[in-house]
Structure formats: structure tokens, C-alpha cells
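Understanding the architecture of this molecule
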Amino acid sequence: SQQGEEDPQALSIQEGENATMNCSYKTSINNLQWYRQNSGRGLVHLILIRSNEREKHSGRLRVTLDTSKKSSSLLITASRAADTASYFCATARLAGGGADGLTFGKGTHLIIQP
Amino acid sequence: EPEVTQTPSHQVTQMGQEVILRCVPISNHLYFYWYRQILGQKVEFLVSFYNNEISEKSEIFDDQFSVERPDGSNFTLKIRSTKLEDSAMYFCASTRLGGTDTQYFGPGTRLTVL
């Protein structure tokens, strides 16, 4: 698998349900960031979690990080139709220089059925 | 809230032509990046720029590509002789503190090479 791989690739749930997406990575990281992308649009930053953090919350979003398993999860609670989008995790290398680029996964396409 | 802007939103060009994609990063940010996303694929890092020089670059960023910060606000990506496979969405991003910091992305420029 590649650095920053999300699963599932696609997820369809009913409005109001919770959505969970997972991300796995290979190298040691400084931080992991989650982004949302609406079809054909730009990347919207959702949350950054550092390697020494285990869980972080932002509104309806909850992100966990398990560095021993090299994995992260994004939970969206009480989903809304507007949450329909692709979600990507992206990692910044631990040993990277100050201007290291992020390594993105292939993303999870989330569809919220009204 | 400050944001990264990019122009144009869509550029159509003929194979072999030169294109310049423009970005205005967030004003107090010091690190600048270009990424690309081929349709249906994941976001790929191209290059990072700090202190008026390239800091990191990926294998994709070959001699056909160049970046420049011509003044205090703009950050440009030039593709010297476009190929069909350069067709993609190109995203600019910036951060204040580099690899440990949130990367904020612009809305992207969709480049179509005919």
C-alpha cells in the first residue's frame, strides 16, 4: 500500500448517521492532516493532528492517530448532505525539512443520502 | 479570513505551448508549494519554495517546470512546453511555519492541454 491510503474508497450513508474513514501510512510522521474536496474544487483543510497527539476534535469531526499502527481515522458525526465530498489524509514526514511537501492518499468519496 | 488565491481558474493551451500559473499565498506565510491532481487521482507534491529558492522537489518536477516569486506577493509555476499528460488541476499552498504547520490550499487552476 502507498503512504496515506484511505479506506474505504467510497462510502454511502444516510443523513444523520456517522461516517468513519481510515488512513494508513508507512513512514514516521510529524503530523497528519485531513482535507475535504468537493467535486472539481479546491482542498479545504479540516484538521491537523501531531504525532504526539492521539485524538482531536473540531465541531462534528473527531480524528484519532495511532502512530504504533501508522493509522488515523476521521469520524464525522450526525452527517449532513453538505458533507458529501472526497476526504483525503496527508502526511508530513518526521525527518522532512521545513518545506517538505505533503503526501496524500487516494481519498474516500463520501456520499450522504438525504 | 485570509486565503490563497490562484489565477486563472481554467487554462486551455495547445501542446508545446508555455503556460504560467499564478498564485497569491497568504500574506504572512513563508513557505509555498505547488501540487497537481490528475483527474480521478490523488494529489501529488511538485515543489516547495522558501527564502526565494526551491527547497524540495519531486520526480515530477523536471526541467520543464520552474517556479518564481517575482515580487512580494505572487508565486508562479511555469511549464515551458506543455504535454498532454500535464493536463491536471494545479494547486498552490502556503504555510507560515513549514512542515509542522497547516498547509492552506488555493482553489486550483484546471489546465487542459490539447
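Residues numbered from 1 in each chain as written. Chains lettered and ligands numbered in written order. Predicted model: local features only at pLDDT ≥ 70, side-chain atom pairs only at ≥ 80, totals over all residues. Heavy atoms only, no water.

Quick notes on the interface of chain A and chain B
Rule in force here: Two residues form a contact once any of their heavy atoms are found within 4.5 Å. Once two parts are joined, some of their accessible surface, as seen by a 1.4 Å probe, is lost; buried area is that loss totalled over both. The term salt bridge refers to a pairing of a side-chain nitrogen on Lys or Arg with a carboxyl oxygen on Asp or Glu at a separation within 4 Å. Each polar contact in these results corresponds to two N or O atoms within 3.5 Å; when the atoms are within protein, one needs to be able to donate a hydrogen and the other to accept it, and residues that are neighboring in sequence are counted only if both atoms are side-chain atoms.
If you look at the interface, chain A gives 24 residues, while chain B gives 23 residues. When chain A packs against chain B, the two sides together hide about 1700 Å² of surface, and 52% of this comes from carbon and sulfur. Counting the surface chain A buries against chain B, the share from its top three residues, A:Leu43, A:Ala99 and A:Phe104, is 29%. Counting the contacts that link chain A with chain B gives 0 salt bridges. Linking chain A with chain B are 5 residue pairs in polar contact (both at pLDDT 80 or more).

Some points on the sheet that holds strand S1 (residues 5-7) of chain A
All names here are of chain A. The test is simple: Only strands joined by at least two bridges in the DSSP assignment are considered to pair. Each helix is a run of H or I in the DSSP string that is no shorter than four residues. Each strand is a run of E no shorter than two, and both are numbered from the N terminus. Note on geometry: axes are lines fitted to C-alpha atoms, helical ones only across the stretch in contact, with angles between N-to-C directions running from 0 to 180 degrees.
Overall, antiparallel pairing links the 5 strands, which are arranged S1-S3-S8-S7-S6 in an open sheet. Strands at the two margins of the open sheet, each flanked by one partner only, are S1 and strand S6 (55-58). Across the sheet, the axes of successive neighbouring strands diverge by a mean angle of 20 degrees, strand direction being ignored. Of the strand pairs in this sheet, S6 and strand S7 (residues 61-66) are connected by 4 bridges, and their pairing is antiparallel. The partner of Lys-56 across the bridge, within S7, is Val-63.

Looking at unusual backbone geometry
Residues and elements named next belong to chain B. The linkage connecting Thr-7 with the following residue, Pro-8, adopts the cis geometry, with an omega of -10 degrees. Mapping Pro-8 onto the fold places it in the loop between strand S1 (5-7) and strand S2 (10-13). Backbone geometry places Asn-52, a non-glycine residue, at a positive phi of 65 degrees. One can find Asn-52 in the loop between strand S5 (44-50) and strand S6 (53-57).

Examining the confidence of the model for chain A
A low pLDDT score tells you not to read the predicted coordinates there in detail. Rules: Confidence of the predictor at the level of single residues is captured by pLDDT, which takes values from 0 to 100.
Overall, the predicted model of chain A reaches an average pLDDT of 90, with 93% of residues at or above 70. Confidence, read as mean pLDDT per element, is least for S1(A) in chain A (75) and greatest for S7(A) (97).

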